[in-house]
Amino acid sequence: MIGLGYLTKEGIKSVWNNRMMSAASIGVLVSCLLITGVAVLLSLNVARIVDTVGKDNQITVFLKENIDDVTAIQKIGPEIRKLDNIASCEFYSKSEAIVKWESELGSLFGELQGEENPLPNAFHVAMVDLSQYDDTVENIKNVEGVDIISDRSDVAKRLTELNILVTKVGAWLVTALGIISLFIISNSVRMTMYSRRFEISIMKSVGATNHFVRTPFVIEGIVLGLISGGIASVIIAFLYEAMVSAVKYIVPIKEIPYSELAFQMSATFIIFGMIIGAIGALISIGRYLNMEGGEILGW
Amino acid sequence: MITFTNVSKVYPNGTKALNDVNINIEKGEFVFIVGASGAGKSTFLKLIMKEEEPSSGFITVNETNITKMKRRKVPYLRRTMGIVFQDFRLIDKMSVFDNVAFAMRVIGAKPKAVKKRVNYILGLVGLKEKAHCRPAELSGGEQQRVSLARALVNNPSIIIADEPTGNIDPEMSFEIIELLNEINKQGTTIIVVTHEHDLVQKFKNRVIEIQGGEVISDSGTVEEKAEVPIEISEKELLEMHSDDENITDYDENEIPSSRKIVTEVFVDGEAGEE
Ligand SMILES: Nc1ncnc2c1ncn2[C@@H]1O[C@H](COP(=O)(O)OP(=O)(O)O)[C@@H](O)[C@H]1O
Ligand SMILES: [Mg+2]
């Protein structure tokens, strides 16, 4: 491409020459990227927690007292497995249960083994999709011989709901902030174009192509986006650590280490910033390219 | 070289700027366009540069009907023209050198070619010593010569000047027209809008008078006026009509020999002044 070096230099120069406006656009774009980033990180973490909670927190389905091992394994087990959304369903006999209780609580229950065992037979059931939790529980309850179901996955259920909310709010935020960023960048580039309208009019009168007139401004937009993406990448790392320790102060969680996310996060910020920058610039440029001579100068 | 056929121009606000104008300007002519303020002179030039579109009629430049020209071709049309404005239109924050170089850079010339060509052209207009000055440090006449250098730097086949002497004192005005005359002798077509009758009378060039948007008199093509015969090399002709962007590869050796005469004339001229 002809003169790209010259055009790039011009684009970068104008970021510096308009540093007030550039700083303002970078500020807004960085804020937008950070808010978006926080929403994404929050959602990723909630998803991860839901995943772990969901995995080791299978529900326990207790059977009616009069159900013996054989009926449970041959009849009720297969019936539960036939239902939708069942990931696994393992038999957990009352004798297994009492042994486990004993190992944890001592021989207090020694005399309760065998015929005296007061515990019911049970199944450990895990679901495929926790968002269908209620329906699945209802279906299991309807199986003949099922008594009650322990509700330990409630946390996971709540978290899943939260995750859906975070994703939805995040999507809206990204859209709204994307539009604001576009507006800000296009305004910044419009200011540059206005301050350089004299040069633009000369460029056009000596026969510069539209491509040539346009490129430095697109580069300006891209550079603004690049800088914003870079700054946001650095800030989000600190912000994430701060957020994690604040949350950990209230509830113990095991967060995703930032090192696992850093590369993708930074790359996304920078690419997103550059795209917004380029589009923002193009929005402003069209108007000037359609004007001629004195019109550009406002005469 | 330039023809207007039944050209009228009505601006969107209803102002009738030109009315059924027919003009034919031959290649290598030097034409003065005269007329009172508001007569339509600038509109005439803007139509040639395709800054404005005629409301009716058609215009050809270099045997091309520019009325039907595609938008993206307009920049290449403008590269065949050098434009000089009354108010110089120099960029304050750039040096004289950069102002002239700007015109080459924005059509994609290579830095090496720019340096060579700009220095050559600044010599041509007698401003080599002022290359690193800012426009504000120059007199009006010098500023207009910078503007002229910028118009010349891309080796146009037509120079269009809208009241180039309007903002400078009479002596300097004479110098500018003299300079344009020298350039004309090398075969460049020149169109100068002015309302200074004194100036027009000093030069034996074709004069077209416009009044109220109509051509009211035309002295016609001046047949023989040049002491130096107009000779254009085949190479220069090719350059004038070339539509590509390769005006970038100027080389001192590629400048037609006829142009070198001009350099000498003006280097002498400069020396004589001091
Ligand atoms: N862009 C424009 N819009 C409307 N009217 C215009 C415009 N440019 C020029 N005019 C009008 O057209 C007429 C001719 O203008 P112009 O060509 O500039 O005259 P001159 O250069 O001879 O002084 C004038 O009446 C002027 O007011
Ligand atoms: Mg005028």
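Residues numbered from 1 in each chain as written. Chains lettered and ligands numbered in written order. Predicted model: local features only at pLDDT ≥ 70, side-chain atom pairs only at ≥ 80, totals over all residues. Heavy atoms only, no water.

Engineer: How should I be thinking about the environment of Ile73 of chain A in this particular structure?
Structural biologist: Residues and elements named next belong to chain A. On the secondary structure map, Ile73 appears in helix H3 (residues 69-82). Spatially, the C-alpha atoms of Ile73 and Ser93 are 9.6 Å apart, while their sequence positions differ by 20 residues. Not counting residues up to four positions away in its chain, the partners in contact with Ile73 are Pro78 and Phe91. (Helix = DSSP H or I, 4+ residues; strand = E, 2+ residues; numbered from the N terminus. Contact = heavy atoms within 4.5 Å.)

Engineer: I tried to follow the site of ligand 1 on my own but got confused; where do I start?
Structural biologist: All names here are of chain B. In the vicinity of ligand 1, the residues found are Tyr11, Asn13, Thr15, Ala17, Ala36, Ser37, Gly38, Ala39, Gly40, Lys41, Ser42 and Thr43. In the model, an oxygen atom of ligand 1 is placed 3.0 Å from a nitrogen or oxygen of the Gly40 main chain. In this structure, Lys41 approaches ligand 1 through a main-chain N or O atom, which is 2.9 Å from an oxygen atom. Its free accessible area being 550 Å², ligand 1 has 66% of it covered by the protein chains. Element by element, the count of residues in the shell around ligand 1 is highest for helix H1 (residues 41-49), at three residues. Classifying every residue of the shell around ligand 1 gives four nonpolar, seven polar and one charged. (Near = heavy atom within 4 Å. Polar contact = N/O pair within 3.5 Å; in protein donor to acceptor, adjacent residues only side chain to side chain. Areas by Shrake-Rupley, 256 points an atom, 1.4 Å probe, with all protein chains shown as cover. Nonpolar A, V, L, I, M, F, W, Y, C, P; charged D, E, K, R; others polar.)

Engineer: How do you make sense of the interface of chain B and chain A when you look at a structure like this?
Structural biologist: When the parts of a complex come together, some accessible area is lost, and that lost area is often taken as the interface size. Between chain B and chain A, the contact holds 24 residues from the first and 20 residues from the second. The contact between chain B and chain A buries some 2,000 Å² in all, and 60% of this surface belongs to carbon and sulfur atoms. Among the residues of chain B in contact with chain A, Arg78, Arg89 and Val106 of chain B are the three that bury the most area, contributing 29% of the side total. Close ionic contact of Glu199 of chain A with Lys93 of chain B constitutes a salt bridge, the shortest N to O distance being 3.3 Å. Within the residue set of the side of chain B that touches chain A, elements represented by two or more residues are helix H2 (74-78) and helix H3 (96-105) of chain B. Looking at the side of chain B that touches chain A residue by residue, the class counts come to 11 nonpolar, two polar and 11 charged. (Buried area = accessible area lost by both parts, 1.4 Å probe. Salt bridge = Lys/Arg side-chain N within 4 Å of Asp/Glu carboxyl O.)

Engineer: I keep staring at the sheet that holds strand E1 (residues 59-63) of chain A and nothing clicks. Help me out?
Structural biologist: Across a sheet, strands are paired by hydrogen bonds formed along the backbone, either parallel or antiparallel in direction. Residue and element names in this part refer to chain A. Strand order across the open sheet formed by four strands is E2-E3-E1-E4, with antiparallel pairing between neighbours. Two strands close off the open sheet at either side, each with one partner strand: strand E2 (86-92) and strand E4 (146-149). Within this sheet the neighbouring strands show an average axis-to-axis angle of 25°, counted without direction. Bridging between E1 and strand E3 (residues 122-127) involves four bridges; their strand directions are antiparallel. Opposite Val61, over in E3, you have Phe123 as the bridge partner. In this fold H3 packs onto E1, E2, E3 and E4, with an angle of close to 175° to the strand it touches most, E2. Of the strands in this sheet, E1, E2, E3 and E4 are in contact with helix H5 (residues 133-141), which crosses E4 at around 150°. (Pairing = 2+ DSSP bridges. Axes fitted to C-alpha atoms, helices over the stretch in contact; angles between N-to-C directions.)

Engineer: Can you help me understand the pairing of E1 of chain A in this one?
Structural biologist: Each regular strand shows side chains that alternate between the opposite faces of the sheet. Residues and elements named next belong to chain A. Counting buried residues in E1 gives four out of five residues, a clear majority hidden from the surface. Across three bridges, the pairing between E1 and E4 is antiparallel. If you follow Leu63 over to E4, its bridge partner there is Val146. (Buried < 20%, exposed > 50% of the residue type's maximum accessible area, 1.4 Å probe, protein only.)

Engineer: What is the right way to look at the pairing of strand E2 (residues 16-25) of chain B in this model?
Structural biologist: Residues and elements named next belong to chain B. Relative to E2, strand E1 (residues 2-10) is paired through six bridges, and the arrangement is antiparallel. Residue pairing across strands places Val7 opposite Val21, the latter belonging to E2. Here E1 folds back onto E2, and the loop between the two strands holds five residues, one of which, Gly14, carries a positive phi near 100°.

Engineer: What is the right way to look at the pattern of salt bridges in this model?
Structural biologist: Pairing between side chains of opposite charge can happen when their charged atoms approach one another. A complete count under the given rule lists 14 salt bridges over all chains for this structure. Where Asp87 of chain B meets Arg89 of chain B, a salt bridge forms, and the shortest distance between an N and an O atom there is 3.3 Å. Sharing partners across several salt bridges, the network here consists of Glu10, Lys13, Arg196 and Glu199 of chain A together with Lys93 of chain B.

Engineer: Looking at this structure, I do not really get the packing of helix H7 (residues 197-205) of chain A against helix H8 (residues 210-250) of chain A. What am I missing?
Structural biologist: Residue and element names in this part refer to chain A. Remark: H7 packs on H8, axes separated minimally by 9 Å, with the N-to-C direction vectors making an angle of 155°. On the basis of their axis angle, the class for H7 and H8 is roughly antiparallel. Where H7 crosses over H8, the handedness of that crossing is right-handed. Contact with H7, carried on its side by Ile200, Met203 and Lys204, involves Asn210, Phe212, Val213 and Phe217 of H8 and no other residues of that element. (Parallel < 35°, antiparallel > 145°, perpendicular 65-115°, else oblique. Left-handed = near helix turned anticlockwise from the far one by under 90°.)

Engineer: Would you mind going over a nonpolar patch on the surface with me for this structure?
Structural biologist: All names here are of chain A. A contiguous nonpolar patch, built from Ile227, Ile231, Ile235 and Leu239 and spanning about 270 Å² of accessible area, is present on the exposed surface. Within the secondary structure, Ile231 sits in helix H8. You can call Ile231 partly exposed: its relative accessible area is 36%. (Patch = residues over 30% accessible without salt bridge, like charges linked within 9 Å, V, L, I, M, F, W, Y side chains within 5 Å.)

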